[in-house]
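Residue-level structure breakdown
Below are the chains, spelled out letter by letter.
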Amino acid sequence: MQYLVIVPTYNESENIKNLIKQLVNAELDCLFIDDGSPDNTADLISKSNFYNSKVFLINRESKKGYATACLEGFTYGLDKGYDYIIQMDADFSHSVSDLEKMIPFSNNYDLVIGSRYTKGGKTLGWGLFRTNLSKYANIFARLMTRSKIKDLTSGFRIYKSTTLKQLNLLDISSEGYGFLVEVLDKILRSNSLIKEVPITFNDRKFGESKMSYRVILDGIKTTSKIGFRNFKLLQ
């Protein structure tokens, strides 16, 4: 089975070399979608000894956002015939060691989620604001999607390619955690098998967080729309 790891990047020069090393050592192909990082992240990727063999790059000229980067990654992976597409962050908040624990479950499930909130999962390094924001965002998303999934806003996932092919990816327009909830809601409505695997989420050591109030508001807006639609379907 072929796995492709897709990683959106913006100003991740302090993390990228080590991440490439770990992913290649784990015998995984990886695709980076860079949004024109001014810190030369793309240059470091293209200088890898494994460039165009195990390491691939989509170099975008401007900052187009997390969601469109993921969607381009999905499309690339599907076009290249990968069996599974892994979504993860570049800042080591998601660890390759946790990914190696998740991969064995992918054979029996359509989606595997690296979960902070299922039994055994945890988050390290966040302050009270980020902790509560994530906690209540997930409670809200759970209510709106009428789901029992504990971590709907996790960006650490393994998708079976056949599952992604069933989704209308062109119909997705949200950003940030709203994008994550929207994709998951589509998968939930397709009656796919989903498994949450506990992970340890670590706050980044290098670089700056991409979270902003605009992303938060977009997430609330998108999740509310999903809840309203699900409510109408029940009537």
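The structure under discussion appears in the preceding block.
A quick note: this is a predicted structure, and the numbers were derived from the prediction, not measured. Residue numbers here run from 1 along each chain, matching the order of that chain's written sequence. Per-residue local features of the predicted model are confined to residues with pLDDT of at least 70, and side-chain atom pairs are confined, for both listing and counting, to 80 or more; whole-chain, interface and lining totals are unaffected and use all residues. To get the side-chain values, take all heavy atoms of the structure and skip hydrogens and water.

What about the packing of helix 3 (residues 66-79) against helix 7 (residues 176-189)?
Orientation of helix 3 relative to helix 7, taken along the N-to-C sense of each, is 40 degrees, at an axis distance of 8 Å. Between helix 3 and helix 7, the angle falls in the class oblique. Residues Tyr66, Ala67, Cys70, Leu71 and Phe74 of helix 3 form the contact with helix 7, whose participating residues are Gly176, Phe179 and Leu180. Throughout this entry, Asp, Glu, Lys and Arg are counted as charged residues, while Ala, Val, Leu, Ile, Met, Phe, Trp, Tyr, Cys and Pro are counted as nonpolar. The remaining residues, Gly among them, count as polar. Looking at the contact of helix 3 with helix 7 residue by residue, the classes come out as seven nonpolar, one polar and no charged. Axis definition: a line fitted to C-alpha atoms, limited for helices to the stretch in contact. Angles are taken between N-to-C directions and run from 0 to 180 degrees. For the purposes of this entry, the term helix denotes a DSSP run of H or I that reaches at least four residues, the term strand denotes a run of E that reaches at least two, and both are numbered from the N terminus. Put simply, angles under 35 degrees are roughly parallel, angles over 145 are roughly antiparallel, angles from 65 to 115 are roughly perpendicular, and the rest are oblique. Should any heavy atoms of two residues lie within 4.5 Å, those residues are counted as being in contact.

Remarks on helix 5 (residues 128-145)
Within an α-helix, residues lying three or four positions from one another point in the same direction, as the helix has 3.6 residues per turn. Along its 18 residues, helix 5 runs 26 Å from first to last C-alpha, staying within 8% of the 26 Å computed at 1.5 Å per residue. Relative accessibility decides the category of a residue: with a 1.4 Å probe and only protein chains considered, values under 20% of the type maximum give buried, values over 50% give exposed, and everything between is partly exposed. Along helix 5, the residues that are buried comprise Ser134, Ala137, Asn138, Ala141 and Thr145. End-on, the buried residues of helix 5 take up no more than an arc of 100 degrees, which puts them together on one face. Opposite the packed face of helix 5, turned more than 90 degrees from it, sit the exposed residues Leu128, Phe129 and Leu143. In the segment just after helix 5, arginine 146 is the residue with positive phi, at about 55 degrees. Every helix has an expected span of 1.5 Å times one less than the residues it contains. Summarising the geometry, the arc corresponds to the directions from the helix axis toward the C-beta atoms.

A closer look at the sheet that holds strand 1 (residues 3-9)
Two pairing modes exist for strands in a sheet, parallel and antiparallel, and in both the strands are linked by backbone hydrogen bonds. For two strands to count as paired, DSSP must find a minimum of two bridges between them. Pairing within the open sheet is mixed, and its seven strands lie in the order 3-2-1-4-7-5-8. Taken across any chain shown, the strands that pair with only one partner, and hence form the sheet edges, are strand 3 (55-59) and strand 8 (194-198). Going across the sheet, the axis of each strand differs from the next one's by a mean of 20 degrees, ignoring polarity. As paired strands, strand 2 (residues 29-34) and strand 3 are joined by five bridges and run parallel to one another. Its bridge partner lying in strand 3, cysteine 30 is registered against valine 55. Taken strand by strand, helix 1 (residues 16-25) contacts strand 1, strand 2 and strand 3, and its axis lies near 155 degrees from that of strand 2.

Details of the environment of lysine 186
Within the secondary structure layout, lysine 186 lies in helix 7. Since its relative accessible area comes to 13%, lysine 186 is described here as buried. Lysine 186 sits 19 residues away from leucine 167 along the chain, and the two C-alpha atoms are 6.8 Å apart. Once residues lying within four places of it in the same chain are set aside, the contact partners of lysine 186 are Leu167, Asn168, Asp171 and Ile172.

Focus: the packing of helix 5 against helix 7
Axis separation between helix 5 and helix 7 bottoms out at 11 Å; the angle between their running directions is 30 degrees. Remark: the crossing between helix 5 and helix 7 carries right-handed chirality. Together, Ala137, Ala141 and Thr145 of helix 5 and Tyr177, Val181, Asp185 and Leu188 of helix 7 make up the contact between the two elements. Residue classes in the contact of helix 5 with helix 7 are distributed as five nonpolar, one polar and one charged. Here a crossing is taken to be left-handed if its near helix is turned anticlockwise relative to the far helix by less than a right angle, and right-handed if that turn runs clockwise.

Structural notes on helix 3
A rise of 1.5 Å per residue sets the reference length of helix 3, with its 14 residues, at 20 Å; its end C-alpha atoms lie 20 Å apart and thus fit the reference within 8%. Phi turns positive one or two residues past the end of helix 3, at glycine 81, with a value near 80 degrees.

Brief notes about the nonpolar core
By size, the foremost hydrophobic cluster in this structure holds 35 residues, and its most contacted members are Leu31, Phe74 and Phe179. Apart from the residues within four sequence positions on either side, leucine 31 is in contact with Leu4, Val5, Ile6, Val7, Phe56, Leu57, Ile58, Gly73 and Tyr76. To qualify as a nonpolar core, a set must consist of buried Ala, Val, Leu, Ile, Met, Phe, Trp, Tyr and Cys residues joined through side-chain atoms within 4.5 Å.

Shape descriptors only; they carry no functional weight alone.
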